Amino acid sequence: MLEISSGIRHFPSYLDRPRQETMIETIREIVSAAPLFTPVMPGTGKPMSVRMSNCGELGWVTDKERGYRYQPVHPLTGEVWPPIPNALMQIWNDVSGYHLPPQACLINFYADDAKMGLHQDKDEQDLRAPVVSVSLGNTCLFRIGGTTRTNSTQSLKLASGDVIVLGGEGRLCFHGVDRIYPATSTLLKSGGRINLTLRRVTP
Ligand SMILES: O=C(O)CCC(=O)C(=O)O
Ligand SMILES: [Mn+2]
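Before going into details, it helps to say that this report is about the structure given with it. (Residues numbered from 1 in each chain as written. Chains lettered and ligands numbered in written order. Predicted model: local features only at pLDDT ≥ 70, side-chain atom pairs only at ≥ 80, totals over all residues. Heavy atoms only, no water.)

1. As for the pattern of salt bridges
Oppositely charged side chains can pair when the atoms bearing their charge come close.
So, step 1. Scanning all chains against the criterion turns up 8 salt bridges.
So, step 2. Its salt-bridge partner being Arg69, residue Asp63 comes within 3.0 Å of it at the nearest N-O pair.
So, step 3. According to the relative accessible area criterion, Asp63 is partly exposed, its value standing at 22%.
So, step 4. Of the charged contacts, one joins Asp178 and Arg143 as a salt bridge, the two residues approaching to 3.1 Å between their closest N and O atoms. Linking Asp178 in strand E12 (residues 175-180) with Arg143 in strand E9 (residues 140-144), this pair joins segments that are 35 residues apart in sequence.
So, step 5. By sharing partners, the salt bridges in this structure join Asp121, Glu124, Arg171 and Arg199 into a single network. (Salt bridge = Lys/Arg side-chain N within 4 Å of Asp/Glu carboxyl O. Buried < 20%, exposed > 50% of the residue type's maximum accessible area, 1.4 Å probe, protein only. Helix = DSSP H or I, 4+ residues; strand = E, 2+ residues; numbered from the N terminus.)

2. Observations concerning the environment of Ile144
So, step 1. Mapping Ile144 onto the fold places it in strand E9.
So, step 2. The class for Ile144 is buried, based on a relative accessible area of 3%.
So, step 3. Spatially, the C-alpha atom of Ile144 lies 8.1 Å from that of Leu118, the residues being 26 residues apart in sequence.
So, step 4. With residues near it in sequence (within four places) discarded, Ile144 still touches Ile4, Ile8, Ser152, Thr153, Gln154, Leu156, Leu166, Cys173, Phe174 and His175. (Contact = heavy atoms within 4.5 Å.)

3. Some details on the site of ligand 1
So, step 1. In the neighbourhood of ligand 1, the contacting residues comprise Leu106, Asn108, Tyr110, Met116, His119, Asp121, Phe142, His175, Val177, Arg193, Asn195 and Arg199.
So, step 2. Protein burial of ligand 1: of its 300 Å² of free accessible surface, 96% is covered by the chains.
So, step 3. Its residues placed into classes, the shell around ligand 1 shows 5 nonpolar, 4 polar and 3 charged. (Near = heavy atom within 4 Å. Areas by Shrake-Rupley, 256 points an atom, 1.4 Å probe, with all protein chains shown as cover. Nonpolar A, V, L, I, M, F, W, Y, C, P; charged D, E, K, R; others polar.)

4. Examining the nonpolar core
So, step 1. Met52, Phe142 and Ile144 are the most contacted members of the largest nonpolar core, which has 29 residues in total.
So, step 2. Looking at this core, the elements with two or more residues in it are strand E4 (59-61), strand E6 (104-110), E9, strand E10 (154-158), strand E11 (163-166) and E12.
So, step 3. Counting residues in each nonpolar core, the second largest holds 27 residues, with Phe11, Met23, Cys55 and Val163 among its members. (Core = buried A, V, L, I, M, F, W, Y, C linked by side-chain atoms within 4.5 Å.)

5. Comments concerning the side chain of Gln103
So, step 1. Of note, Gln103 is situated in the loop between helix H2 (86-95) and E6.
So, step 2. Of the residues examined, Gln103 reaches a relative accessible area of 5% and is grouped as buried.
So, step 3. Within the structure, the side chain of Gln103 is placed 2.7 Å from the backbone nitrogen of Val201, a separation counted as a polar contact.
So, step 4. Of the polar contacts made by the side chain of Gln103, one reaches the backbone nitrogen of Thr202; its length is 2.8 Å.
So, step 5. Gln103 has contacts with Cys55, Gly56, Glu57, Leu58, Ile84, Arg199, Arg200, Val201 and Thr202, leaving out every residue within four places of it along the chain. (Polar contact = N/O pair within 3.5 Å; in protein donor to acceptor, adjacent residues only side chain to side chain.)

6. With respect to the sheet that holds strand E8 (residues 131-137)
Strand pairing in a sheet relies on backbone hydrogen bonds. The paired strands run either parallel or antiparallel.
So, step 1. Read from one edge to the other, the open sheet built from 7 strands follows the order E1-E2-E11-E8-E13-E6-E3, with strand pairing classed as antiparallel. Of all strands in the sheet, those with a lone pairing partner are strand E1 (2-5) and strand E3 (51-56), marking the two edges. Geometrically, the sheet is characterised by an average inter-axis angle of 20° between neighbouring strands, direction not taken into account.
So, step 2. Bridge analysis of strand E2 (residues 8-11) against E11 gives 4 bridges, and the strand direction is antiparallel. Residue pairing across strands places Ile8 opposite Leu166, the latter belonging to E11.
So, step 3. Against the sheet, helix H1 (residues 17-33) touches E3, E6, E8 and strand E13 (193-199), its axis set at about 80° to E13.
So, step 4. Sheet strands in contact with H2 are E2, E6, E8, E11 and E13, and its direction is about 130° off that of E8. (Pairing = 2+ DSSP bridges. Axes fitted to C-alpha atoms, helices over the stretch in contact; angles between N-to-C directions.)

7. Side note on the sheet that holds E9
So, step 1. On the basis of which strands lie adjacent, the open sheet formed by 4 strands has the order E7-E12-E9-E10 and antiparallel pairing. Each end of this open sheet is capped by a strand with a single partner; those strands are strand E7 (116-119) and E10. Across this sheet, the average inter-strand angle for adjacent strands is 25°, counted without regard to direction.
So, step 2. For E9 and E12, the ladder comprises 5 bridges, and the chain directions are antiparallel. Its bridge partner being in E12, Leu141 is matched across the sheet by Arg179.

And the structure:
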């Protein structure tokens, strides 16, 4: 484990290859019930380059009119989200240090040309719970800064099987994904990257 800065912990190769493969199978099942959707920016309606889905009692969604929020149903199907699989609950129990279980798992799918701008995760009411993030597929360049947008940032690569925890003083740090490195993993047959973030929403 590497402590990137106070509260931000990186666990390289947390999941071995067989566990990554099992996790991908599980995510495929979730996404067949709760299909990927293209999130758009509040106000402008500009589409993001990632596609998303969720599992858990709550899912993170966004649209032009109502903006960023958590809701119990899929925005297109109106169905409740599939439950968070045990393998992800286990990761949370092992690394979060938090006494309550996660309520949401956001599933981000990045094509090799997708990215995510610098942002804070602050739509959760319970900011004492960390965000636990699992990377699968191609390596990305992850950027992490401080709690204001103008703080200096550092960059690190997140590879398939890595876990990163944003907790404590790092919980509200700005972070984003600058780029994906194509063909750096054989896990996903068509390339790209999947990121799973476990979140506790209510105290
Ligand atoms: O893809 C990642 O590693 C980060 C995703 C993220 O920051 C988010 O979904 O809020
Ligand atoms: Mn985030």
